[in-house]
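# A closer look at the structure
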Amino acid sequence: MTKKPHRNGRGLFLGALLGAVVGALLGRAAGSALFGALLGAVVGAALLYRVNPGPWNRE
């Protein structure tokens, strides 16, 4: 039986929030805060969902 990594919904939410804030700040400097926030939310959510897998001891 192989162990699959567990994914973390909290990491997905936190990544979307942090990514949106950082993306909005960077997007404002580049000219479009809304586009930066959307792009940052998608990238941040994807990163924290993969990087922060959650507890390994779940059954």
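Let me begin by describing the structure that accompanies this report. (Residues numbered from 1 in each chain as written. Predicted model: local features only at pLDDT ≥ 70, side-chain atom pairs only at ≥ 80, totals over all residues. Heavy atoms only, no water.)

## Points about helix H2 (residues 33-51)
The test is simple: Each helix is a run of H or I in the DSSP string that is no shorter than four residues. Each strand is a run of E no shorter than two, and both are numbered from the N terminus. Each residue after the first adds 1.5 Å to the expected span of a helix. Buried, partly exposed and exposed residues are distinguished by accessible area as a fraction of the type maximum, computed with a 1.4 Å probe on protein chains only: under 20%, between the cut-offs, and over 50%, respectively. Think of the arc as the fan of directions from the helix axis to the C-beta atoms. The contact rule is simple, with two residues in contact once any of their heavy atoms fall within 4.5 Å.
Between its first and last C-alpha, H2 extends 26 Å over 19 residues, near the 27 Å set by a 1.5 Å rise per residue. When H2 is considered as a whole, its buried residues turn out to be Gly36, Ala37, Gly40, Ala41, Gly44 and Ala45. With its buried residues spanning 150° around the axis, H2 presents them on a single face. In H2, the exposed residues that point more than 90 degrees away from the buried face are Phe35, Leu38, Val42, Leu47 and Arg50. Residues of H2 that are buried make contact with helix H1 (9-30).

## Remarks on a nonpolar patch on the surface
Note the following rule: Within the patch definition used here, like charges are joined within 9 Å and nonpolar side chains (Val, Leu, Ile, Met, Phe, Trp, Tyr) within 5 Å, considering only residues with over 30% relative accessible area and no salt bridge. Under the convention used here, a 1.4 Å probe and the Shrake-Rupley method define accessible areas, while residue burial counts only the protein chains that appear. Salt bridge, as used here, is a side-chain nitrogen of Lys or Arg placed within 4 Å of a carboxyl oxygen of Asp or Glu.
Together, Phe35, Leu39, Val43, Leu47 and Val51 make up a nonpolar patch on the protein surface, roughly 510 Å² of accessible area in all. Structurally, Leu47 can be placed in helix H2. With a relative accessible area of 51%, Leu47 lands in the exposed category.

## Looking at the packing of H1 against H2
Between two packed helices, what matters for the description is the angle formed by their axes and the separation of those axes. Put simply, the rule is: A fitted line through C-alpha atoms represents every axis, and for helices the fit uses only the stretch in contact; the resulting angles, taken between N-to-C directions, go from 0 to 180 degrees. In this scheme the handedness of a crossing depends on how the near helix is turned from the far one: anticlockwise by less than a right angle means left-handed, clockwise means right-handed. Any residue outside Ala, Val, Leu, Ile, Met, Phe, Trp, Tyr, Cys, Pro, Asp, Glu, Lys and Arg is labelled polar, Gly included; the first ten of those are nonpolar and the last four are charged.
Contact geometry of H1 with H2 gives a least axis separation of 6 Å together with a crossing angle of 145°. The two elements H1 and H2 cross, and the hand of that crossing is right-handed. Contacts from Gly11, Leu12, Leu14, Gly15, Ala16, Gly19, Ala20, Gly23, Ala24, Gly27 and Arg28 in H1 reach Ala33, Gly36, Ala37, Gly40, Ala41, Gly44, Ala45, Leu48 and Tyr49 in H2. Residues that form the contact of H1 with H2 fall into these classes: 11 nonpolar, eight polar and one charged.

## Looking at H1
Given a rise of 1.5 Å per residue, 22 residues ought to cover 32 Å, and the 30 Å separating the end C-alpha atoms of H1 matches this to within 8%. Among all positions of H1, only Gly11, Gly15, Gly19, Gly23 and Gly27 are buried. Each buried residue of H1 sits inside an arc of 100° when the element is viewed along its axis, so together they form one side. Set apart from the buried face of H1 by more than 90 degrees, the exposed residues are Arg10, Phe13, Leu25 and Arg28.

## Overview of the environment of Gly27
Residue position: Gly27 is located in helix H1. A C-alpha to C-alpha distance of 9.6 Å links Gly27 and Leu38, two positions 11 residues apart in sequence. Leaving out residues up to four positions away in the same chain, Gly27 has contacts with Ser32, Ala33 and Gly36.

Functional significance is not addressed by these values, which are geometric in nature.
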